[in-house]
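Structural overview
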Amino acid sequence: MENIFENKDLINRYLILSVWQQFNLKIDLKGEYIFAENIVSKKTIIAATFSDKILSQPIIKTFLSSIITQINIGNLDTDFIKNQLIFFRKQTK
């Protein structure tokens, strides 16, 4: 992804809507992850800081961990996330 930190609001909306679409659960993800600098690459990454709210739901924890990993390694870029958010909105109308 171009710059994860600059797109933090977009990423947050994507994570929330992904959980909602997959599990029909609306979960506040505030405090469930942080943006940090990778020590080796110096790139900004998303680091999971899951609370008991997420840790007590292994399927959701695994789902979110997978998405976060895909964003961190660059498999999900901003264009993909924007397109998914548009798709989500069309589904809910």
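Residues numbered from 1 in each chain as written. Predicted model: local features only at pLDDT ≥ 70, side-chain atom pairs only at ≥ 80, totals over all residues. Heavy atoms only, no water.

Turning next to the confidence of the model for the protein. With 97% of its residues at a pLDDT of 70 or more, the protein has an overall mean of 92. Confidence, expressed as mean pLDDT per element, reaches its minimum in the protein at helix α4 (residues 78-92) with 87 and its maximum at helix α3 (residues 58-72) with 97. (pLDDT = per-residue confidence, 0-100. Helix = DSSP H or I, 4+ residues; strand = E, 2+ residues; numbered from the N terminus.)

Looking now at the pairing of strand β1 (residues 33-37). Sheet topology note: the β1/strand β2 (residues 44-48) ladder contains five bridges and is antiparallel. When the sheet's bridge partners are listed, Ala 36 is paired in β2 with Ile 45. (Pairing = 2+ DSSP bridges.)

So, on to the packing of aromatic side chains. All told, the structure shown has four aromatic pairs when counted by the stated rule. Both rings, one in Tyr 14 and one in Phe 80, keep their centres 6.5 Å apart while their planes meet at 75 degrees; by these two values the pair is edge-to-face. Highlighted residues: Tyr 14 in helix α1 (residues 8-23) and Phe 80 in helix α4, separated in sequence by 66 residues. Phe 80 gets classed as partly exposed once you look at its relative accessible area, which sits at 32%. Judged by centre distance (6.4 Å) and plane angle (20 degrees), the rings of Tyr 14 and Phe 88 are stacked. One end of the pair, Tyr 14, is in helix α1; the other, Phe 88, is in helix α4, and 74 residues separate them in sequence. The exposure class assigned to Tyr 14 is buried, which follows from its relative accessible area of 6%. A relative accessible area of 3% places Phe 88 in the buried class. (Phe/Tyr/Trp six-rings, centres within 6.5 Å; stacked < 30°, edge-to-face > 60°. Buried < 20%, exposed > 50% of the residue type's maximum accessible area, 1.4 Å probe, protein only.)

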